[in-house]
Amino acid sequence: MMDILQPAGWHRPRGYSHGMSARGRIVAVSGQVGWNPASGEFERDDFIGQADQALRNIVAVLKSGGAEPKDLVRLTWYIINRSDYLAAQKPLGQAYREIIG
């Protein structure tokens, strides 16, 4: 079970929450990048293609641990090109909603 922590009177944030409260088993996912997990090869060299694959890899690891995207408590992104990230916000958001929910 997971609850979003939203203090009374605080602005509701967009794209994150002020806090989360969870109970039960913990599944930790780490080091997921945009490569094909079977071959270890990057099949795409574009930001969205790699982000899409990284999100799918995260979902696969969650599933193998008995979890689902709805169980995510925290997701940290590391990017190497800020301008690519900023330019791709709309398609990145679409990919995130499609894969993570």
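Report on the accompanying structure.

How each quantity is defined
- Residues numbered from 1 in each chain as written.
- Predicted model: local features only at pLDDT ≥ 70, side-chain atom pairs only at ≥ 80, totals over all residues.
- Heavy atoms only, no water.
- Core = buried A, V, L, I, M, F, W, Y, C linked by side-chain atoms within 4.5 Å.
- Buried < 20%, exposed > 50% of the residue type's maximum accessible area, 1.4 Å probe, protein only.
- Helix = DSSP H or I, 4+ residues; strand = E, 2+ residues; numbered from the N terminus.
- Axes fitted to C-alpha atoms, helices over the stretch in contact; angles between N-to-C directions.
- Parallel < 35°, antiparallel > 145°, perpendicular 65-115°, else oblique.
- Left-handed = near helix turned anticlockwise from the far one by under 90°.
- Contact = heavy atoms within 4.5 Å.
- Salt bridge = Lys/Arg side-chain N within 4 Å of Asp/Glu carboxyl O.
- Arc of directions from axis to C-beta.

### Remarks on the nonpolar core
And step 1. Grouped together as the largest cluster of nonpolar side chains are seven residues: Leu55, Ile58, Leu62, Ala67, Leu72, Ile99 and Ile100.
And step 2. Counting residues per element, this core draws most heavily on helix 1 (residues 47-64), at three residues.

### Digging into the packing of helix 1 against helix 3 (residues 89-99)
And step 1. Where helix 1 contacts helix 3, the two axes come as close as 10 Å, and the packing angle between them is 20 degrees. It follows from the interaxial angle that helix 1 and helix 3 lie roughly parallel. Here helix 1 and helix 3 pass one another in a crossing that is right-handed. From helix 1, Phe47, Ile48, Ala51, Asp52, Leu55, Arg56 and Val59 reach across to helix 3, where they touch Pro91, Leu92, Ala95, Tyr96, Glu98 and Ile99.

### Brief notes about the pattern of salt bridges
And step 1. With the rule as written, the count across this model stands at four salt bridges.
And step 2. When the shortest N-O distance is used, the salt bridge between arginine 56 and aspartate 52 registers 2.7 Å. Of this pair, arginine 56 and aspartate 52 both sit in helix 1, four residues apart, which is roughly one turn of the helix.
And step 3. The class for arginine 56 is partly exposed, based on a relative accessible area of 37%.
And step 4. Put simply, lysine 70 and aspartate 71 hold a salt bridge, and the shortest N to O gap is 3.5 Å.
And step 5. Since its relative accessible area comes to 59%, lysine 70 is described here as exposed.

### Structural notes on helix 3
And step 1. Every buried residue belonging to helix 3 is among Leu92, Gly93, Ala95 and Ile99, and all of these are buried. For helix 3, the angular spread of the buried residues around the axis is 165 degrees, confining them to a single face. Opposite the buried face of helix 3, by more than 90 degrees, sit the exposed residues Lys90, Arg97 and Glu98.
And step 2. Taken together, the buried residues of helix 3 touch helix 1 and helix 2 (82-87).
And step 3. Directly after helix 3, the chain includes glycine 101, whose backbone phi takes a positive value near 110 degrees.

### Focus: the environment of glycine 66
And step 1. When you line up the elements, glycine 66 lands in the loop between helix 1 and helix 2.
And step 2. Each C-alpha atom, one on glycine 66 and one on methionine 1, is 14 Å from the other, the two residues being 65 residues apart in sequence.

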